[in-house]
Amino acid sequence: RREGCRLAILCNPNNPTGNCFDPEKLLYVVSRATVPVVVDETYFEFSGETLAGAIARHENLLIIRSFSKAFGAAGLRFGYLLAQPRTALQVKKTMTAFNLSLLIQRAVLEVVRGAHRFAPYIEELVSQREAMVDALLSMGVSAHRTKTNFIPFTLGERSGALHDFLTEAGVAVRSVSGHPILANYLRVSVHSCQNNERFLSLVKSFTQR
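Residues numbered from 1 in each chain as written. Predicted model: local features only at pLDDT ≥ 70, side-chain atom pairs only at ≥ 80, totals over all residues. Heavy atoms only, no water.

Examining the sheet that holds strand β6 (residues 150-154)
So the rule is basically this: Here the rule is simple: two strands pair whenever DSSP picks up at least two bridges between them. Under the scheme used here, helices are H or I runs from DSSP no shorter than 4 residues and strands are E runs no shorter than 2 residues, and both carry numbers assigned from the N terminus. Any two residues whose heavy atoms approach within 4.5 Å at even a single point are treated as in contact. Axes here refer to lines fitted to C-alpha atoms; in helices the fit is confined to the stretch in contact. Angles between the N-to-C directions go from 0 to 180 degrees.
Read from one edge of the open sheet, four strands run β5-β6-β8-β7, paired in antiparallel fashion. Of all strands in the sheet, those bounded by a partner on one side alone are β5 (142-143) and β7 (174-175). In the packing of helix α5 (residues 119-138) onto the sheet, contacts are made with β5, β6 and β8 (185-189), and the angle to β6 comes to roughly 10°.

Okay, structure coming up:
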């Protein structure tokens, strides 16, 4: 425990690596922490992994989620909290009055009511994600399987040139090489089948140069 620490935040799945932590290890941290532990489950809909079932046993466990990924509602800037009632009340005390407009509340309500309509899209995206990793590996590209809607991949020292090649072709990928364990890595978001195929076609073209 770091001296002066007042809050611990863990991302599960993690960003930018996209992996999930062992639930037992997460609960080990929660059970031994003397401060609130926030577990960010922004990508929960893609991973299906959650610590929500442990909230009843751990008053210091808070889970936050977002509508910006699986529901495509990043513009709403809306998220929600899962915690014990007493813990949620303490968080509420820090919130400003009228922090959400009536329009945003209405929009979020409609998303919640229609959440079932997103299930086929999420299922298809997960399927596309696995197929994309398989395709990248078959081209000799090092790609990691994730529990999110993105894939980290690398061509080693050629990654920078690949990034420029894709950008010039109008395909946006993000460099995550600034992360200590992702040197020379790029990150691509899984999209529609058509866009995914275009991305893979361009990568294949580059690797054959």
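Continuing now.
Side note on the pattern of salt bridges
To keep things clear, this is the line we draw: One speaks of a salt bridge when a side-chain nitrogen belonging to Lys or Arg is within 4 Å of a carboxyl oxygen belonging to Asp or Glu. A simple rule labels every residue: compare its accessible area, found with a 1.4 Å probe on the protein chains alone, to the largest value its type can have, and call it buried under 20%, exposed over 50%, or partly exposed in between.
A complete count under the given rule lists seven salt bridges for this structure. Taking the shortest distance from any N to any O, the salt bridge between E59 and R86 comes out at 3.4 Å. With a gap of 27 residues between them, E59 in the loop between α2 (44-47) and β3 (61-66) and R86 in helix α3 (residues 85-92) connect regions that are remote in the sequence. Here E59 falls in the partly exposed class, since its relative accessible area comes to 36%. Residue R86 is classed as exposed on the basis of its relative accessible area, which comes to 60%. One continuous salt-bridge network, built from bridges that share partners, spans R129, E130, D134 and R145.

Points about the sheet that holds strand β2 (residues 37-40)
Ordered in space as β1-β2-β3-β4, the four strands form an open sheet in which the pairing is mixed. What marks the edges here is a single partner per strand, and that holds for β1 (8-11) and β4 (79-82). Between one strand axis and the next, the sheet turns through 25° on average, direction left out of account.

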